[in-house]
Amino acid sequence: MTELGSLALVLAVLLPFLGVLAGLVLGGRNVRAVALITILAGLAVVVSSAFSFVQSAQPLTYLLGAWAPPLGIALRADGLSVAMMLAVAVVVAGIAAYAWSDFAPPADGVEKRAPFMYWLLLLAVWGSLNLVFLSGDLFTLYVALELLTFSGVPLVCLDGRGETLRSALRYLLFALAGSLLYLLGAVLLYGAYGTLDIALLAGLVRPGPIAWTAAALMTVGLLAKTALFPLHIWLPPAHAGAPAAGSAILSALVIKGSWFLVVRLWFDVMPGVVTLSSAQLLAAMGALAILVGSIVALRQQRLKLLVAYSTVAQIGYLFLMFPLAFDASGAILINGAALDAGVLQASAHATAKAGMFMAAGLIYASLGHDRIADLAGVARAMPITVLAFAVAGLALMGVVPSGAYLAKKLLLDAAGESGQWWWTVVLQGGAAFTAGYMVLVLVSVFRRPSVPVVLLKRASRLSEAAALSLAVCSLLLALAALGPVPGDLISNPLAPKELLSTLAVVVGGGLLAFGLSRRSLSAVAAADDGYVRRIMGPAGAVFERMDEFARRWTSASVLLLSLAGLFTWLMIKGVAG
Amino acid sequence: MITAANLFGLCAAALIGLGLFGLITNPHPLRKILAFNIIGSGVFLLFGVIAYRGAGAGMAADPVPQALLITGIVVAFSATALAVALLLRLHDETGSASLSAEATDTESRAEQDTPSS
Amino acid sequence: MMDWLNLGLAALILGLGIWVVLAREAFSAVVGFISYGLLLTLVWVQLSGVDVALTEAAIGGGLTGALLIGAASRLKRTENAVSAEQPGTALKWLAAGLSAAVTVVLAVCVLALPEPAPTRAAEVAANIDSTGVGNPITAVLLAFRAMDTLLEAVVLVFALIGVWSLTPDRFWAGRPGNRQTADPNGILAYIASTLPPIGIVVGLYIFWIGADYPGGKFQGATILAAMWLLVIMAGLVDTPTISRVPLRMALVLGPLVFIGIGFLGVVSAGAFLAYPIDYAKPLILTIEFALMPTLTLILGLLLLGAPQRAVES
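Residues numbered from 1 in each chain as written. Chains lettered and ligands numbered in written order. Predicted model: local features only at pLDDT ≥ 70, side-chain atom pairs only at ≥ 80, totals over all residues. Heavy atoms only, no water.

Caption draft 1: View of the overall build of chain A. Counting secondary structure elements, chain A contains 23 helices and two strands. Rg of the C-alpha trace for chain A: 23 Å, near the compact-globule value of 25 Å for 577 residues, within the 12% margin. For chain A, the spread of C-alpha atoms along the principal axes amounts to about 70 × 65 × 50 Å. Every one of the 577 residues in chain A was classed for burial, and the buried ones make up 68%. (Helix = DSSP H or I, 4+ residues; strand = E, 2+ residues; numbered from the N terminus. Rg over C-alpha atoms; globule rule 2.2 N^0.38 Å. Buried < 20%, exposed > 50% of the residue type's maximum accessible area, 1.4 Å probe, protein only.)

Written out as structure tokens, the structure is:
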């Protein structure tokens, strides 16, 4: 329980924190080097804990202070934690490589704010995430959530501009509301069961008013932090306004923390309390996120905003697995294929989204702007960057053998088995929506420019390589997951069936882009004003209005409470009916 | 008569509701921060009631929740400090303290889909 | 008679809560909030939570109140502009309805809490002797759930890093706050020179006594921080520049010692943050001692905010 082998769990959490403390003392001149050392050491620790886990073939536990729950706190690593820790470690390394030159220590040795803060915040986010993945106590998880929020918010306003400060404040306030709701639920659980340890609670929690209330409040609070539509009020401006290296951290990593907690809560603490209908609500929100997020992404004029809205859409995917993870009788959530699919989706998204934001950031830095309409010629001028962007997009679309592809396959199988055909529609249709905004950007960058493209700044090779590597990781993720998943699930990517479906997805996406994007993005919409656009154009505007409505503070907070009520009702109803 | 535990428990429930109302309706961020603190103190009060109900073994209250409360109060203070610092900086930088989306809208809605040249 | 006291307290607290939420001006709302905090302290005493009462008084009411009052006075001019964004009556009624629903649901939960209440008091009582401290809350904070306390210190450091990240670039590595001056013969200077020694003794006493009686490092550190801020306000010392290495070292000292002792526990007692039987109390005291300067500095610096003056060349 406290052997040296499991000590890696403690190190996984503490090494990044030690890095922050060391960086704070050693100052701006050395902080980047401290980050490098910490990342290398942390990678080693995470890999070693993965090995220990695989060898022991059962979850690793570490009793802190040698006190067992319910008196003490335990760290626990199961397959879910280990997989997420690995994915996050890889992404952190990639982001560090990307940001290496952007946030280099100043040449004159005088500490500057932004580079100094960036490395501290990167390590802080990493440590907090590892704590979220490993902690086995609900209150420690609350502290971890706060750590994550405190590390993520300053990244949004790192450049100090007025709009980013405003976005950061909105993010902070909404995230704090989410944490408080989470804490309230945890408090209720302690009041009813006398412990906050996840493993102990799993055996104690029974459906009842306190369990329902706690489940609803904690879920909704965490959804607010994960920015699941329509609770995404803070995400688009925050992620778009942060520096690219920061957006990568925020989109790819930070939101995974609260998502992970929803999974822990539903699968490990309350599998018998959450009902199929409440899971349907969760996935319905996800489907809506995919729909609205993708369409609003298509309507954007700036690349970083497009990528931010694509995050809104991709978050929806992370929640589709919940109704598909119930056992045959529809009574209890089980750790099966659907959960594997969820983890795959999360890892695939983390790597691909990081790569995408990195590519967008490189384009922005090199051109001085990121207006999609004016990206002509970029493909020729920055081939590796555009390749990274395209590969990331393919990975998100679910092209074989990407992680998203395998996740979709697993979910489609589960949907088929449980007869929930509507999720099949969502899964298949969602890929087309993803393809939509990818096609939009790629068509724009491949156009021939009327005047030669002038690059303000040459992108650093390391940054381009980092972006491309992460995107490729996502594209090949299914191969990495071959261990726990049967190999025959991955068909030959060049087989006619797969090529045809990829083509169908891309064509579908192209149509959506053609119909829904703004006229000013002349590349795709320049075809004359046929009646397809006249029908679809206003539809696009409607979705934009929906998004804008949900992003107002009063509507978002009202929706927050209403959803809590809805979840409670569905949990009560599911038991009675 | 109502027990102290139930009385303050109901009081906590009311405070949480009050704070939520303030959080939703008051547009000024500083008032939202105040509302947070009301909600937070309501949650802490509820936890304290739970601790009080857990008296036993020679102690007047269950010490675990009380210890967690101390941590919680400190964390809440640091959250308030960060939020206030962010708000003040926003004010220094832009002169306004508004959170409204119009002030930072992602796309100018006024841009019409004009026929392209 | 106790019931009337409790009823009175509950009514006052609710009344003040309503005031805080509905008051027109932020400044009066904050004043209401500070009174609210003080009354809450009394409630904690009624609920047999003296340690919590001390923390609430020091940090919840005192430090938070000071922070918010400063902010309210600086933001006075923005209130009119922002109040134009008030939601309409319909939305307010909807919000009120939803909040009331939450209250009702929570009230149901409160009344549905199980009887007899599940509690960990028995386990704490059974194991407290091996920790060497007499105060069960200190035992929970620094022995049974020491990781939470370590993480709490990290939370404070992260919050400070977050606040510092908000510094305008031109003021980076400078000093928080404006230069304060006070009439050297005035009352503020007088208080600031006579009170701190007493305050320091009181603060250290409360920290020291926390091992066996209500008290502890957070409460003690708050008092020390208050004394430091008093001295700053009177202009007797200036705020520190945030790039000075000694300051930074003092900030990380607490968590580092804590983590160090934690790893020592791996070697000597078999687990991270475990204490060998006879050395538990000295180790706990060492941790607390190392945390004191860190906590004092962080609490004070959080109140002072991000630097607003550049380093003088």
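There's plenty left to go through after this.
Caption draft 2: Broad picture of the overall build of chain C. Within chain C, the regular secondary structure consists of twelve helices and two strands. Mapped in sequence order, the helices and strands of chain C form the string α-α-α-α-α-α-α-α-β-α-α-α-α-β. When its C-alpha atoms are laid out on the principal axes, chain C stretches across 65 × 65 × 35 Å. Counting all 313 residues of chain C, 56% fall into the buried class. Contacts in chain C between residues at least 24 apart in sequence constitute 75% of all its contacts with a sequence separation of at least 6. (Contact = heavy atoms within 4.5 Å.)

Caption draft 3: Local environment of the interface of chain C and chain A. Each partner contributes to the interface: chain C provides 55 residues, whereas chain A provides 60 residues. Surface buried jointly by chain C and chain A totals about 4,900 Å² across both partners, of which 79% is contributed by carbon and sulfur atoms. Across the pair A:Arg113 and C:Asp169 runs a salt bridge, and its minimum N-O distance is 2.9 Å. Counting across the interface, chain C meets chain A through twelve residue pairs in polar contact (both at pLDDT 80 or more). (Buried area = accessible area lost by both parts, 1.4 Å probe. Salt bridge = Lys/Arg side-chain N within 4 Å of Asp/Glu carboxyl O. Polar contact = N/O pair within 3.5 Å; in protein donor to acceptor, adjacent residues only side chain to side chain.)

Caption draft 4: Focus on the pairing of strand β1 (residues 60-63) of chain A. All names here are of chain A. The side-chain alternation of β1 yields two buried faces, one formed by Leu60 and Tyr62 and the other by Thr61 and Leu63. As judged from the four bridges shared by β1 and strand β2 (residues 74-77), these two strands associate in the antiparallel manner. Among the inter-strand pairings, Thr61 is bridged to a residue of β2, identified as Arg76. (Pairing = 2+ DSSP bridges.)

Caption draft 5: Main features of the pattern of salt bridges. On inspection of all chains with the given rule, the structure shows 23 salt bridges over all chains. Note that A:Arg461 and A:Glu464 form a salt bridge whose closest N and O atoms lie 3.3 Å from each other. Placement of the pair is A:Arg461 and A:Glu464 together in helix α18 (residues 461-475), with a separation of three residues, close to one helical turn. What makes A:Arg461 exposed here is its relative accessible area of 55%. Note that C:Asp212 is salt-bridged to C:Lys281, the shortest N-O span being 3.2 Å. Residue C:Asp212 is located in the loop between α9 (187-209) and α10 (217-233), and its partner C:Lys281 is located in helix α12 (residues 280-304); the two are separated by 69 residues in the primary sequence.

Caption draft 6: Up close: unusual backbone geometry. Omega for the peptide link from A:Phe229 to A:Pro230 comes to 0°, which places this bond in the cis form. Along the chain, the position of A:Pro230 falls in the loop between α8 (209-226) and α9 (235-241). For the bond from C:Glu115 to C:Pro116, the omega torsion is 5°, close enough to zero to count as cis. Within the element layout of this structure, C:Pro116 appears in the loop between α5 (89-112) and α6 (121-127). At A:Ala66, a residue that is not glycine, the phi angle is positive and equals roughly 60°. Its place among the elements puts A:Ala66 in the loop between β1 and β2. By relative accessible area, which is 42% here, A:Ala66 ends up partly exposed. The residue C:Ala173 is not glycine, and still its phi comes out positive at about 65°. Following the sequence through the fold, C:Ala173 ends up in the loop between α8 (146-165) and β1 (175-176). Classification of C:Ala173 as buried rests on a relative accessible area of 10%.

Caption draft 7: Here's a closer look at the interface of chain C and chain B. Contact with chain C, which involves 90 residues of that partner, is made by 73 residues of chain B. Of the roughly 7,100 Å² buried between chain C and chain B on both sides combined, carbon and sulfur atoms contribute 79%. It is C:Val21, C:Leu47 and C:Leu166 in chain C that bury the most area against chain B; as a group they hold 9% of the surface buried on that side. Remark: the boundary between chain C and chain B carries two salt bridges. When the shortest N-O distance is used, the salt bridge between C:Glu115 and B:Arg53 registers 3.0 Å. In this structure, the connection of chain C to chain B is made through 19 residue pairs in polar contact (both at pLDDT 80 or more). The dominant element in the side of chain C that touches chain B, judged by the number of residues it contributes, is helix α3 (residues 50-74) of chain C, at 13 residues.

Caption draft 8: Molecular detail of empty space enclosed by the protein. Under the defined criterion, the tally for this structure stands at ten cavities of 30 Å³ or more. The volume enclosed by the largest cavity comes to roughly 290 Å³. Elements with a minimum of two residues in the lining of the largest cavity: α5 (138-156) and α6 (162-193) of chain A, α2 (29-53) and α3 (63-94) of chain B together with α2 (26-46) and α3 of chain C. Considered class by class, the residues forming the lining of the largest cavity number 13 nonpolar, eight polar and two charged. Taken as a whole, the second largest cavity encloses approximately 90 Å³ of empty space. (1 Å grid on protein atoms, 1.4 Å probe; cavity = no way out; pocket = protein on both sides within 12 Å on 5 of 7 lines; lining within 4 Å. Points joined across faces, edges and corners; volume = space filled by probe spheres on them. Nonpolar A, V, L, I, M, F, W, Y, C, P; charged D, E, K, R; others polar.)

Caption draft 9: Region of the structure containing the side chain of A:Glu111. Within the fold, A:Glu111 resides in the loop between α3 (79-99) and α4 (113-134). Here A:Glu111 falls in the buried class, since its relative accessible area comes to 15%. Among the polar contacts listed, one links the side chain of A:Glu111 to the backbone nitrogen of A:Gly28, at a separation of 2.9 Å. Here the side chain of A:Glu111 touches C:Arg248 through a polar contact of 2.8 Å, side chain to side chain. Each residue touching A:Glu111, except ones within four places of it in the same chain, is listed here: A:Gly27, A:Gly28, A:Phe116, C:Trp172, C:Ser243 and C:Arg248.

Caption draft 10: Region of the structure containing the environment of A:Gly19. Residues and elements named next belong to chain A. Position of Gly19 among the secondary structure elements: in helix α1 (residues 4-26). Exposure remark for Gly19: the relative accessible area of 5% places this residue in the buried category. Put simply, Gly19 and Ala124 are 105 residues apart on the chain and 8.4 Å apart in space, counted from C-alpha to C-alpha.

Caption draft 11: Local environment of the packing of aromatic side chains. The full count for this structure, using the stated rule, is 19 aromatic pairs over all chains. The interplanar angle of 70° and the centroid separation of 5.3 Å between the aromatic rings of A:Trp266 and A:Phe322 together place this pair among those described as edge-to-face. Linking A:Trp266 in helix α10 (residues 244-269) with A:Phe322 in the loop between α12 (303-317) and α13 (337-367), this pair joins segments that are 56 residues apart in sequence. For the pair A:Trp266 and A:Phe322, one class covers both residues: buried. Judged by centre distance (5.0 Å) and plane angle (65°), the rings of C:Phe263 and C:Phe272 are edge-to-face. An aromatic cluster of at least three residues, connected via ring pairs, comprises A:Trp266, A:Phe267, A:Phe319, A:Phe322 and A:Phe567. The positively charged end of C:Arg170 is found above the aromatic ring belonging to C:Phe171, 4.5 Å away from the centroid. (Phe/Tyr/Trp six-rings, centres within 6.5 Å; stacked < 30°, edge-to-face > 60°. Lys NZ or Arg CZ within 6 Å of the ring centre and 35° of its normal.)

Caption draft 12: Fine view of the environment of A:Phe150. Following the sequence through the fold, A:Phe150 ends up in helix α5. The class of A:Phe150 is buried, set by a relative accessible area of 0%. Each C-alpha atom, one on A:Phe150 and one on A:Leu176, is 9.8 Å from the other, the two residues being 26 residues apart in sequence. Not counting chain neighbours up to four residues away, the residues in contact with A:Phe150 comprise A:Leu121, B:Val75, B:Ser78, B:Ala79, B:Leu82, C:Val155, C:Phe158 and C:Ala159.

Caption draft 13: Fine view of a nonpolar patch on the surface. Residue and element names in this part refer to chain C. A cluster of nonpolar side chains, contributed by Ile187, Leu188, Tyr190, Ile191, Leu195, Ile198, Val202 and Met233, occupies part of the molecular surface with about 740 Å² of accessible area. Sorting elements by how many residues they give to the nonpolar patch places α9 first, with seven residues. Along the chain, Ile187 falls in helix α9. The class of Ile187 is exposed, set by a relative accessible area of 64%. (Patch = residues over 30% accessible without salt bridge, like charges linked within 9 Å, V, L, I, M, F, W, Y side chains within 5 Å. Areas by Shrake-Rupley, 256 points an atom, 1.4 Å probe, with all protein chains shown as cover.)

Caption draft 14: Expanded view of α18(A). All names here are of chain A. With 15 residues, α18 ought to run about 21 Å at 1.5 Å a step, and its terminal C-alpha atoms sit 21 Å apart, in line with that. Those residues of α18 lying buried are Ser463, Glu464, Ala466, Ala467, Leu470, Ala471, Ser474 and Leu475. Structurally, α18 contributes buried residues whose contacts are with α3, α13, α15 (383-397), α16 (403-418) and α19 (477-480). (Expected span 1.5 Å × (residues − 1).)

Caption draft 15: Region of the structure containing the confidence of the model for chain C. All names here are of chain C. When the pLDDT values of chain C are averaged, the result is 90; 99% of them are 70 or greater. The weakest mean pLDDT in chain C belongs to helix α4 (residues 79-83) at 81; the strongest belongs to α8 at 95. Among the scores for the predicted complex, ipTM is 0.95 and pTM is 0.94. (pLDDT = per-residue confidence, 0-100.)

Caption draft 16: The arrangement of the confidence of the model for chain A in detail. Per-residue pLDDT for chain A has a mean of 87; in total, 93% of the residues score no lower than 70. Averaged pLDDT values over the elements of chain A bottom out at 48 in helix α21 (residues 522-525) of chain A and peak at 96 in α5(A).

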